Amino acid sequence: MRVLVLSDTHSPRRWKGCPPALLPQLDAADVVLHAGDVCTPDVLELLETFAPVHAVMGNNDVPEVAEWGAPETLELTLEGVRIGMIHDSGQRQGRTARMRRRFPDSDLVVFGHSHIPLDETGDGVRILNPGSPTDRRRQPTGTYAVLDLRDGALADVRIEQLPT
């Protein structure tokens, strides 16, 4: 199963439309995860035209994102991999231990908020922030992540850069 992971798209301020370089990734995705700050539900509705979408609320999301179905946190199992999702994982120090406590059964915790891509393992959990494809802040390019799930395991996790 191929999973596209996004966060912090910030529509309509930053997401004026789907970045063209993201379209082939959406076409290839079996599932899309969005770790919050989508801001408006029209982005989720567009993503749903490509694959099933699971999203959590971010601190900038309007109430209609919750009405779309995005909870504050989410736990799901995809292809046998247990995934926890939250927008803000808190400060860097102690993050993996905190995410292990928050999602004790998860193999992977997906989060956003900082716009800083991160793939780290510690305290018995892997954590992943895909960054943002549209609001790169201090990053050189926009980013997203791709998960390859096989046989109940994370076969591959990649943070990818969008072309500038």
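Since this is a predicted model, take the numbers as computed values, not measurements.

K.L.:
I keep staring at the overall build of the protein chain and nothing clicks. Help me out?
P.N.:
Scanning the protein chain for helices and strands turns up four helices and ten strands. Relative to the compact-globule value of 15 Å for 164 residues, the protein chain shows a C-alpha radius of gyration of 14 Å, a close match. Over its C-alpha atoms, taken along the principal directions, the protein chain stretches across nearly 40 × 35 × 30 Å. Across the 164 residues in the protein chain, those meeting the buried criterion constitute 51%. Here the protein chain carries 17 positive and 24 negative side-chain charges, and the mean point of each set is 9 Å from the other.

K.L.:
Please explain the sheet that holds strand β3 (residues 53-55) as it appears in this structure.
P.N.:
Strand pairing in a sheet relies on backbone hydrogen bonds. The paired strands run either parallel or antiparallel. Pairing in this open sheet of five strands is mixed, and the strands run β3-β2-β1-β9-β10 from one edge to the other. For this open sheet the edge positions go to β3 and β10 (153-161), each flanked by a neighbour on one side alone. For this sheet, the mean inter-axis angle between neighbouring strands, taken without regard to orientation, is 20°. Inspection of the sheet shows strand β9 (residues 143-150) paired to β10 by eight bridges, in the antiparallel sense. Paired with R150 across the strands is A153, a residue of β10. Contacting β1 (2-6), β2 (31-34) and β3, helix α2 (residues 41-48) crosses the sheet at an angle of about 150° to β3.

K.L.:
How should the nonpolar core be read in this particular structure?
P.N.:
Most often, soluble globular proteins have nonpolar side chains that are buried together. Among the nonpolar cores identified, the biggest contains 21 residues, and L4, L6, L22, V32, L44, L47 and Y144 are the most heavily contacted of them. Residue assignment for this core shows that the elements contributing at least two residues are β1, α2, β3 and β9. Broken down by element, this core gets its largest block of residues, three residues, from α2. Not counting residues up to four positions away in its chain, the partners in contact with L6 are L22, V32, L33, H34, A35, L47, P130, P133 and Y144. Of all hydrophobic cores here, the second largest spans 18 residues; its members include V5, L78, I83 and A145.

K.L.:
What exactly am I supposed to notice about the environment of V5 here?
P.N.:
Mapping V5 onto the fold places it in strand β1. Residue V5 is classed as buried on the basis of its relative accessible area, which comes to 0%. For the pair V5 and R102, spaced 97 residues apart in sequence, the C-alpha separation works out to 20 Å. With residues up to four places along the chain from it excluded, the contact list for V5 reads L33, V110, L128, P130, Y144, A145 and L147.

K.L.:
So what exactly am I meant to see when it comes to the sheet that holds strand β7 (residues 118-122) here?
P.N.:
The strand order across the open sheet formed by five strands is β4-β5-β6-β8-β7, and the pairing between neighbours is mixed. This sheet does not close on itself; its edge strands, each paired only once, are β4 (73-78) and β7. In this sheet, neighbouring strand axes are inclined to one another by 20° on average, regardless of whether the strands run parallel or antiparallel. Relative to strand β8 (residues 125-129), β7 runs antiparallel, the two sharing five bridges. Bridge pairing in β8 links G122 to V125. Each of β4, β5 (81-86), β6 (108-110), β7 and β8 touches helix α4 (residues 95-102); the most contacted strand, β8, lies at about 105° to it.

What counts, and where the lines are drawn
Along every chain, residues carry numbers that run from 1 in the direction the sequence is written. Whole-chain, interface and lining totals are the exception, using all residues; otherwise, since this is a predicted model, local features are given only for residues with pLDDT of at least 70 and side-chain atom pairs are given and counted only at 80 or more. Derived side-chain values reflect all non-hydrogen atoms in the structure, with water molecules and hydrogen atoms excluded from consideration. Working definition: helices are DSSP H or I runs of at least four residues, strands are E runs of at least two. Numbering for both runs from the N terminus. For this measure, only C-alpha atoms enter the radius of gyration; the expected value for a globule follows 2.2 Å times N^0.38, where N is the number of residues. Three labels apply to residues, based on accessible area from a 1.4 Å probe with only protein chains included: buried if under 20% of the type maximum, exposed if over 50%, partly exposed otherwise in between. Under the counting rule used here, the positive set is Lys and Arg, the negative set is Asp and Glu, and His together with the chain ends is not counted. For charged residues, the charge sits on one atom: NZ in Lys, CZ in Arg, CG in Asp, CD in Glu. Here, a strand pair is defined by DSSP locating no fewer than two bridges between the strands. The angle between two axes is taken between their N-to-C directions and runs from 0 to 180 degrees, where each axis is a line fitted to C-alpha atoms and a helix contributes only its stretch in contact. We call two residues contacting when some pair of their heavy atoms lies within 4.5 Å. Buried residues of nine kinds, namely Ala, Val, Leu, Ile, Met, Phe, Trp, Tyr and Cys, make up a nonpolar core once their side-chain atoms join them within 4.5 Å.

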